[in-house]
Amino acid sequence: MNKDVYVLGIETSCDETAAAVVKNGREIVSNVVASQIDSHKRFGGVVPEVASRHHVEQITLVIEEAMNRANLSFADLDAIAVTQGPGLVGALLIGVNAAKALAFAHQIPLIGVHHIAGHIYANRLVTEMKFPLLSLVVSGGHTELVYMKEHGKFEVIGETRDDAAGEAYDKVARALHLPYPGGPHIDRLAHEGSVTIDLPRAWLEEDSYDFSFSGLKSAVMNTLHNAAQRGEQIDAKDMAASFQASVVDVLVAKTVKAAQEYQVRQVLLAGGVAANRGLRAELERKMAELEGVDLVIPPLSLCTDNAAMIAAAGTILFEQGKRADMSLNADPGLELS
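Note that the coordinates shown come from a computational prediction; the quantities given were computed from them, not determined experimentally. The numbers attached to residues start from 1 for each chain and follow its sequence in the written order. Side-chain atom pairs in this predicted model are given and counted only at pLDDT of 80 or more, local residue features only at pLDDT of at least 70, and totals for whole chains, interfaces and linings cover all residues. With hydrogens and water excluded, all non-hydrogen atoms of the structure serve as input to the side-chain values.

(A) Up close: the packing of aromatic side chains. Planes of paired rings set the category: under 30 degrees apart is stacked, over 60 is edge-to-face and the rest tilted, where pairs are Phe, Tyr or Trp rings (Trp by its six-membered ring) whose centres lie within 6.5 Å. Taken as a whole, this structure holds five aromatic pairs when the rule is applied. A ring pair is formed by Tyr121 and Phe154, whose centres lie 6.5 Å apart and whose planes are at 85°; its orientation type is edge-to-face. Of this pair, Tyr121 sits in helix H4 (residues 115-121) while Phe154 is found in the loop between strand S7 (143-148) and strand S8 (155-159), placing the two residues 33 residues apart along the sequence. A ring pair is formed by Tyr169 and Phe243, whose centres lie 4.9 Å apart and whose planes are at 75°; its orientation type is edge-to-face. Taken together, the residues Tyr169 in helix H5 (residues 165-175) and Phe243 in helix H8 (residues 236-261) connect sequence positions 74 residues apart. Residue classification places Tyr169 among the buried residues on the basis of a relative accessible area of 2%. The numbering of helices and of strands both runs from the N terminus, where a helix is a DSSP run of H or I of at least 4 residues and a strand a run of E of at least 2. Partly exposed residues are those whose accessible area sits between 20% and 50% of the maximum for their type, while under 20% is buried and over 50% is exposed, using a 1.4 Å probe and protein chains only.

(B) Main features of the nonpolar core. In this text, buried Ala, Val, Leu, Ile, Met, Phe, Trp, Tyr and Cys residues form a nonpolar core when linked through side-chain atoms within 4.5 Å. Judged by nonpolar contacts, the single largest core of 49 residues is most densely connected at Ile186 and Phe243. Counting only elements with at least two residues in this core, the list comes to strand S6 (133-138), S7, H5, helix H6 (182-190), helix H7 (214-229), H8, strand S9 (266-270) and helix H9 (277-287). In this analysis, two residues are considered to be in contact whenever any of their non-hydrogen atoms come within 4.5 Å of each other. Among residues more than four places away in sequence, those in contact with Ile186 are Tyr169, Val172, Ala173, Leu176, Leu178, Ala240, Phe243 and Gln244. Ala18, Ala307, Phe318 and Leu336 belong to the second-largest nonpolar core, a separate cluster that totals 37 residues.

(C) Structural context of the pattern of salt bridges. We define a salt bridge as a side-chain nitrogen of Lys or Arg found within 4 Å of a carboxyl oxygen belonging to Asp or Glu. One pass over the full model with this rule turns up 17 salt bridges. Of the charged contacts, one joins Glu205 and Arg161 as a salt bridge, the two residues approaching to 2.7 Å between their closest N and O atoms. Of this pair, Glu205 sits in the loop between H6 and H7 while Arg161 sits in the loop between S8 and H5, and the two are 44 residues apart along the sequence. On the accessibility criterion, Arg161 (44% relative accessible area) is partly exposed. The closest approach of N and O atoms between Asp187 and Arg277, which form a salt bridge, is 3.7 Å.

(D) Inspection of the packing of H8 against H9 at higher detail. An axis is simply a line fitted to the C-alpha atoms; with a helix, the fit covers only the stretch in contact. Between two such axes, the angle follows the N-to-C directions and lies from 0 to 180 degrees. Relative orientation of the contacting elements H8 and H9 amounts to 35°, with a least axis distance of 10 Å. Crossing angle aside, the handedness with which H8 passes H9 is right-handed. Contact with H8, carried on its side by Gln244, Val248, Leu251, Val252, Thr255 and Val256, involves Gly278, Leu279, Glu282, Leu283, Lys286 and Met287 of H9 and no other residues of that element. Take the far helix as the reference: if the near one is turned anticlockwise from it by less than a right angle, the crossing is left-handed, and if turned clockwise, right-handed.

Pasting the structure below:
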């Protein structure tokens, strides 16, 4: 009988300090996240030095809590998986060094995980992955379409050329005087407003799966500025609805087109912006028109940064015999390959 595989995941790439234990890459045994949103809210965004300081304060407590909730000792673990990159270098270093210390002290295999791979593998905590598949990754720093033929093999077929979708959300929210993080506030307002403002959709070249949201962000700023110059007031709800419609149209259309071209069996939604109700609803509506393609959308708790997704991705690497040594270092520009 095959032995169960327990992996401790550690995630500190941005402003969440997280640790989780996952069994066999599919089952969450414990999942602890310490968020820093309140600390960064007054600055209107994540301050790297503040984030690093919070990680230092929280990392030991969060790991202990994850192990206690799992009711396991370090001797029960098969591996420790940690986010190696991309992310804020100071923040990443806290998690990487904590993982290395534990791996060294307890002689446990160490595995470095790509943050985006983690977001994709959050879906495996919902249902088994079916290949070939396509993943739409939408977060504060990333907007990518990733094609996968098998476990652990990623082909980025489209990515953002400028602002990521989440970044555009935060900047537009700031222009509308909404609190940080802006995404949930725009999403809420969008459901109360109407699409009455004509905003651009950046389709780029006909055969391109890349994204661009910088022009859309600028169009929102210019529209608000021009209205202010004329002494007019634009309804924030309608602006939010119009902006969100533009973002969602492009994301969904390119995803559906790629799913057809690559003849995938499954489409996965991943990343922090995957929590957006407008995006979830439109993707569900459009994907229902495609026969033989399953859509998987993780619960809200697995969309934002967490360590269960890192443990899930790390389990695959562990089973493939991938190991890191004590030279493992944070890599803020780590490529998904």
